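Understanding the architecture of this molecule
One-letter residues, chain by chain:
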Amino acid sequence: MKFTVLSAIVATLLLGTLDALSLPGPSNNPASQFMGIKVVRIPTGPSTSALSKLKDLISKYDLDLWTTVPTINSHVDVEVPSASYGSFMKETNGLLSQAGILEPVSIMHEDLGQSILEESAVSDEYQNQMRKAGILATPAWFNAYHPYADHLQFLSDLAAAYPSRAKVVTGGTSTQGRPIKGINIFGSSGSGVKPAIIWHANVHAREWITSMTAEYMAYKLLTNYGNSTEIKGYVDKYDFYIFPVVNPDGFVYSQTTNRMWRKNRQSPPSGSSCYGRDINRNWDIHWSDPGGASTNPCDDTYKGTAPFDASETRTLAAFLNAKKNSTQGMKMYIDWHSYSQMFFTPYGWTCTQLPPDYTELLALAKGFTTSLKAVYGTTYTYGPSCSTIYKTTGSSDDYTYGVTGVKYSFSAELRDKGTYGFVLPANQIYPTGIETWAGVKYLLANMT
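Small disclaimer: the values here were computed from a predicted structure and weren't measured. (Residues numbered from 1 in each chain as written. Predicted model: local features only at pLDDT ≥ 70, side-chain atom pairs only at ≥ 80, totals over all residues. Heavy atoms only, no water.)

1. As for the sheet that holds strand β8 (residues 330-338)
For sheets, the rule is that strands pair by backbone hydrogen bonds, running either parallel or antiparallel. Overall, mixed pairing links the eight strands, which are arranged β4-β5-β7-β6-β8-β11-β9-β10 in an open sheet. Of all strands in the sheet, those bounded by a partner on one side alone are β4 (166-173) and β10 (381-384). Shown here is a sheet whose adjacent strand axes are inclined to one another by a mean of 20 degrees, direction ignored. Pairing of strand β9 (residues 342-345) with β10 involves four bridges; the strand directions are parallel. Bridging across to β10, T345 finds its partner in P384. (Pairing = 2+ DSSP bridges. Helix = DSSP H or I, 4+ residues; strand = E, 2+ residues; numbered from the N terminus. Axes fitted to C-alpha atoms, helices over the stretch in contact; angles between N-to-C directions.)

2. Points about the sheet that holds strand β3 (residues 106-109)
Sheet architecture is open: three strands sit in the order β2-β1-β3, paired in antiparallel fashion. Two strands lie at the open edges of the sheet, namely β2 (75-80) and β3, each paired on one side alone. Direction aside, the axes of adjacent strands within the sheet are offset by 30 degrees on average. Of the pairings in the sheet, the one linking strand β1 (residues 38-43) to β3 comprises three bridges and is antiparallel in character. If you follow V39 over to β3, its bridge partner there is H109.

3. Remarks on the environment of V105
For V105, the position within the fold is in the loop between α3 (82-99) and β3. As for V105 and H75, which are separated by 30 residues in sequence, their C-alpha atoms are 9.3 Å apart. Every residue in contact with V105, bar those within four places of it in the chain, is listed here: V40, R41, I42, P43, M89, T92, N93 and L96. (Contact = heavy atoms within 4.5 Å.)

4. Quick notes on the packing of aromatic side chains
With the rule as written, the count across this model stands at 27 aromatic pairs. Where F142 meets Y430, the ring centres are 5.8 Å apart and the plane angle is 65 degrees; that geometry is what we call edge-to-face. Of the two residues, F142 is situated in the loop between α5 (124-133) and α6 (148-161) and Y430 in helix α14 (residues 429-446); the sequence distance between them amounts to 288 residues. Using a relative accessible area of 25% as the deciding quantity, one classes Y430 as partly exposed. Aromatic pair F243 and F319: ring centres 5.4 Å apart, planes at 85 degrees, arrangement edge-to-face. With a gap of 76 residues between them, F243 in strand β7 (residues 239-243) and F319 in helix α10 (residues 311-324) connect regions that are remote in the sequence. For the pair F243 and F319, a shared accessibility class is recorded, and that class is buried. Pairwise contacts between aromatic rings join W141, F142, F154, Y216, Y219 and Y430 into one cluster. (Phe/Tyr/Trp six-rings, centres within 6.5 Å; stacked < 30°, edge-to-face > 60°. Buried < 20%, exposed > 50% of the residue type's maximum accessible area, 1.4 Å probe, protein only.)

Structure follows, in structure tokens:
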């Protein structure tokens with residue numbers, strides 16, 4: 001009888017855990033606002049005039065872009081509601097034909113709302129795995145996406161499983177007062193003794209694959225410490241601070257209200273009704289330069305009213321600078337994003353100047369992409385951020401390199417190149433983590 005009662009209690013607790021693990025179901029999932037919307041990829045061609053006309057057409061239909069900064073010889077990924085799809089595509093195809101652009105328009109998502117529902121689904125197999133485990137920090141974690149509260153629990157479970165190697169830390173505070181939680185992983189010397197390595201993920205709320213990838217690498221550092229001399233060497237040599245979700249307010253909003261939300265949830269500035277700052281345009285590095293961010297509060301790349309006017313950037317910078325200015329110092333910084341499959345060195349603020357450490361950083365970036373490709377054949381482009389993708393001002397990796405003084409400062413865009421974009425299926429969490437980890441191990445082995 002005692003066994004039966006205990007079993008019932010345990011089963012109830014595990015079922016409660018499973019409820020928490022599930023993202024909102026069809027009745028209350030933010031997918032509802034995206035039902036029937038297609039996401040299309042439109043080639044831009046070599047003409048600046050044609051690109052300008054395409055941007056005007058997108059503005060005419062008031063469409064939401066996935067491509068932050070449209071450029072020539074590339075493409076634009078855009079959401080198109082079903083009601084305007086026919087007329088928009090007719091005008092788009094006419095524009096492309098007039099410009100002599102032969103590359104066809106492709107469809108990334110036939111029904112974005114349905115793709116979001118599928119992304120959030122939790123399989124019976126996964127639920128069975130979690131019932132058996134009873135904790136979140138297991139390999140099964142990487143088979144699905146998760147609510148924010150469970151990301152916090154994952155970090156707690158992982159640190160509790162390795163109390164002599166890890167602890168949960170706070171790296172900053174969000175606009176709405178949430179602590180920005182991460183995990184500190186350290187070796188035989190203890191915490192705070194070796195040079196710091198700091199990784200930020202889910203800077204942009206909708207980029208869910210980044211938090212899962214950061215957690216995968218944290219998991220590998222801890223679970224392989226005892227059976228891999230390579231991993232033990234890295235953990236004993238460096239103090240890792242891994243922050244899977246540095247934009248918690250925006251991340252929660254993307255899970256409960258608007259799956260495509262990018263910015264934080266800061267209140268609108270005077271004269272506007274639009275919420276949020278792009279917290280990768282808000283760092284105090286060439287913040288006032290033109291062309292690398294938006295001054296329109298309604299834009300996804302809105303830089304704010306002043307550098308560090310976002311709580312997230314201000315407090316995260318204080319954490320980074322404290323680590324750099326400590327006796328142990330700081331060795332590496334990586335800012336994880338998606339999508340495009342790219343790996344960047346500084347600078348983002350200029351396309352004409354190169355950093356003093358350019359040659360070494362470029363060689364490391366090449367090694368990262370080569371090591372990553374060796375796993376599944378996934379190809380990444382690499383190079384200075386500005387010339388490789390587009391100009392960005394007030395970005396975190398430029399700040400850590402140029403102000404904090406961390407030589408090994410990078411940023412990345414993870415999978416994919418546009419088949420799914422931000423709504424990457426959960427079955428790609430594991431391969432993304434595995435190949436990214438291969439690239440990171442190259443960096444760890446080859447930094448001087």
